[in-house]
Amino acid sequence: MPNLLAMSFEGELAPSFTLRCLEAGHTLPDGWGLGYYPKGEPSAAILKEPAPPQTSIRSQLALAWEQVASNLFVLHIRHATWGALSDANTQPFARTWGRRDWVMAHAGSLDRKPADVPGPFEPVGSTDTEAIFCGLLNRCVERGWKNLAEVDLDVVLGWLAEVNEGGELSICLTDGRDLLVHADRRGVPLWLGTLAPPYDKIAFGDADLDVDLTRRGAKSRKGAIVCSEQLVPRDGDAERALQWRQLEPGRLLVIREGAVIGERSTGGVLETPRKRWQPAKTEPRTFDVVHRTIYKYEKPVERSTHVLRLTPVHDRMQAVRSHELTISVPYQGRDYEDVFGNRVRRIAIESPFSEMVIESNSVIEVLDVDPLGFGPLRVSSTIPLVWMPWQRQVLDPFLLPAELPETQLGELGEYAMSFVKRNDYDLLATLLDINDTIHREFAYQQGATTVLTSAFDVYVNRRGVCQDFTNLFICLARLLGVPARYVCGYIYTGPKAAELLPHQRQGEASHAWVQLYLPQVGWKGFDPTNGILTQTDHVRVAVGRNYLDATPTSGTIFVGGGGETLAVEVRVEPHG
């Protein structure tokens, strides 16, 4: 469906908008809004609805209300990245300046919200779009520009280029007379449709939106239609009278009365940022996993016990198709489920050995194809989280931060709160930001840490391996009151070359990441080493409060041993 649609005509039209995305069988959006200027007045009317139900009554106004008539329209269909599902966070946004209402909508998402620009306009909600809007208006106020006709387009171009450096920026901004359009340089497309008379009937759309310009009366007007997705002809003369072209990245247009009157460019394509806020839905994957552990001793071990957590998790997000665990020395053992739900084998060895090989062979189908697919449930949470007493009691083991000096916990708490403030206390945005920041700002460096390295040491030195980044994320989350647990498992890093790439070394051993408990959602995996949510490349084996609860192999030697060497080999390959 189109995320953003704006239309400018050389005279007033009364189009009808059919939001098919609200019909049965469609995925509901997180909100929608329509802004327009009745009878050409400088005052804007806004119809908007967060978390709309199917067959929304308000959407019928956009379809059939005769008062929805204007020469300028801005329609936005929201897929939330920043902020809760609320009226304050639903586009388009409107502000009054220079004796007229300004309206803005935005397709795409910034990596981080822009810095505040001093001035009278402040965001009411918590979206990046409203922050951009208020910043632009405050800059106009500073220069005394009271409408788009007065702005210096080259100066505005510089502002937009600066914002675009920080994320995706396809926008439509109007003051009720002119429509300013900017095409993102990072990959969010923007299309321009040129509408040329004569025509008797014009209708266009896609599976989620239909627009009929002539349903409430045919007026053969020239027009310009800007959309984040090219819409197809539906009826009448649309195929002939409406011609589309995609705007090149960085193109800025000013449109008045259906015609382009100004044009600039911010300089072409920027490197497309990594898509981290909303991972694309994928398909289930099946892997063959081999985990081979070899212990060698200078002197024979005569008696020992070992605890093995090598059986992958079997649940609705991951199915164990087959599993076999072999041990090269005679033993007595039993299988059981520990307090964290891990499948454990405890073995006792009474005969001497100098070498022991433990090999786990599994075929696993990973089913977590859409980790953020809980959106239609209308789940929205802000920090601090509120838990019922019985929930708090059950989750308490995953809410206690590491035992560190009070000064260190205080500093880590301030660091955690900086993410909360930057994301306006939105729970999911805060957690995604932490996940991405650890990936980008902390160096993956093998040998720089040990199992005794604390979360504070990792924070100070900004380096470590997957275990360290996991421990830091767990500590930050728990300081914010978000339950967090340690996950040990495997990651598929793609086909192996003759010489492993740096990121593929993670796939040659056990991998670690974090699971966070989100209200009304459950445990969700975050991999700060790679800055992603876990999906169909991660195979879960064991969970716990920390590494000790989930370690694949551990044990005690009672008699013998000495001079131990340990080798671990892991292979994760597509099945078949």
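Remember, predicted model here, so these are calculated numbers, not experimental data. (Residues numbered from 1 in each chain as written. Predicted model: local features only at pLDDT ≥ 70, side-chain atom pairs only at ≥ 80, totals over all residues. Heavy atoms only, no water.)

## Digging into the overall build of the chain
No. 1: Secondary structure assignment for the chain yields 10 helices and 31 strands.
No. 2: Of all 576 residues assigned to the chain, the portion counted as buried reaches 54%.
No. 3: Considering only contacts in the chain between residues 6 or more positions apart, those separated by 24 or more positions represent 75%.
No. 4: Carbon together with sulfur atoms contributes 50% to the accessible area of the chain, which is approximately 24,800 Å² in total.
No. 5: Averaged over its 59 positive side-chain charges, the chain has a centre that lies 1 Å from the centre of its 72 negative ones. (Helix = DSSP H or I, 4+ residues; strand = E, 2+ residues; numbered from the N terminus. Buried < 20%, exposed > 50% of the residue type's maximum accessible area, 1.4 Å probe, protein only. Contact = heavy atoms within 4.5 Å. Areas by Shrake-Rupley, 256 points an atom, 1.4 Å probe, with all protein chains shown as cover. Lys, Arg positive; Asp, Glu negative; His and termini not counted. Charge placed at Lys NZ, Arg CZ, Asp CG, Glu CD.)

## Examining the packing of aromatic side chains
No. 1: Evaluated as defined, the whole model comprises 17 aromatic pairs.
No. 2: With a centroid separation of 6.0 Å and 75 degrees between ring planes, the pair formed by tyrosine 297 and phenylalanine 353 is classed as edge-to-face. One end of the pair, tyrosine 297, is in strand E18 (residues 285-308); the other, phenylalanine 353, is in strand E22 (residues 353-366), with 56 residues separating them in the sequence. For the pair shown, tyrosine 297 and phenylalanine 353 are each scored as buried.
No. 3: Ring centres of phenylalanine 473 and phenylalanine 526 lie 6.0 Å apart, and the angle between their planes is 75 degrees; this geometry places the pair in the edge-to-face category. With a gap of 53 residues between them, phenylalanine 473 in helix H9 (residues 466-479) and phenylalanine 526 in strand E27 (residues 522-527) connect regions that are remote in the sequence.
No. 4: Its relative accessible area of 0% is what places phenylalanine 473 among the buried residues.
No. 5: Classification of phenylalanine 526 as buried rests on a relative accessible area of 0%.
No. 6: Put simply, the rings of Phe340, Trp387, Phe398, Tyr517 and Trp523 pair up and form one aromatic cluster. (Phe/Tyr/Trp six-rings, centres within 6.5 Å; stacked < 30°, edge-to-face > 60°.)

## Looking at empty space enclosed by the protein
Unfilled space is identified by rolling a water-sized probe across the atoms.
No. 1: Using the criterion set out here, one finds two cavities of 30 Å³ or more in the structure.
No. 2: Computed from the structure, the largest cavity encloses a volume of approximately 60 Å³.
No. 3: For the largest cavity, the full set of lining residues is Trp102, Leu136, Cys140, Leu148, Val151, Val156, Trp159, Leu173 and Leu180.
No. 4: For the lining of the largest cavity, the elements supplying multiple residues, two or more each, are helix H2 (128-143) and helix H3 (153-164).
No. 5: A breakdown of the residues in the lining of the largest cavity according to their chemical character gives nine nonpolar, no polar and no charged.
No. 6: Reported here for the second largest cavity is a volume of approximately 30 Å³.
No. 7: Considering the residues around the second largest cavity, the lining is formed by Arg309, Cys488, Gly489, Tyr490, Ser510, Val541, Ala542, Ala550, Thr551 and Pro552.
No. 8: Of all the secondary-structure elements, those providing two or more residues to the lining of the second largest cavity are strand E25 (484-491) and strand E29 (538-544).
No. 9: At three residues, the largest contribution of residues to the lining of the second largest cavity is made by E25.
No. 10: Here the lining of the second largest cavity is composed, by residue class, of six nonpolar, three polar and one charged. (1 Å grid on protein atoms, 1.4 Å probe; cavity = no way out; pocket = protein on both sides within 12 Å on 5 of 7 lines; lining within 4 Å. Points joined across faces, edges and corners; volume = space filled by probe spheres on them. Nonpolar A, V, L, I, M, F, W, Y, C, P; charged D, E, K, R; others polar.)

## Side note on the pattern of salt bridges
Side chains that differ in sign of charge can pair as their charged atoms come close.
No. 1: This structure, assessed with the given rule, holds 24 salt bridges.
No. 2: Notably, a salt bridge pairs glutamate 142 with arginine 143, separated by 3.5 Å at the nearest N-O pair.
No. 3: With a relative accessible area of 39%, arginine 143 lands in the partly exposed category.
No. 4: Between aspartate 335 and arginine 345 there is a salt bridge whose closest N-O contact spans 2.8 Å. Note that aspartate 335 is positioned in strand E20 (residues 332-337) and arginine 345 in strand E21 (residues 343-349), a separation of 10 residues in sequence.
No. 5: For aspartate 335, a relative accessible area of 52% translates into the label exposed.
No. 6: Through salt bridges with shared partners, a single network forms among Arg20, Glu23, Asp210 and Arg234. (Salt bridge = Lys/Arg side-chain N within 4 Å of Asp/Glu carboxyl O.)

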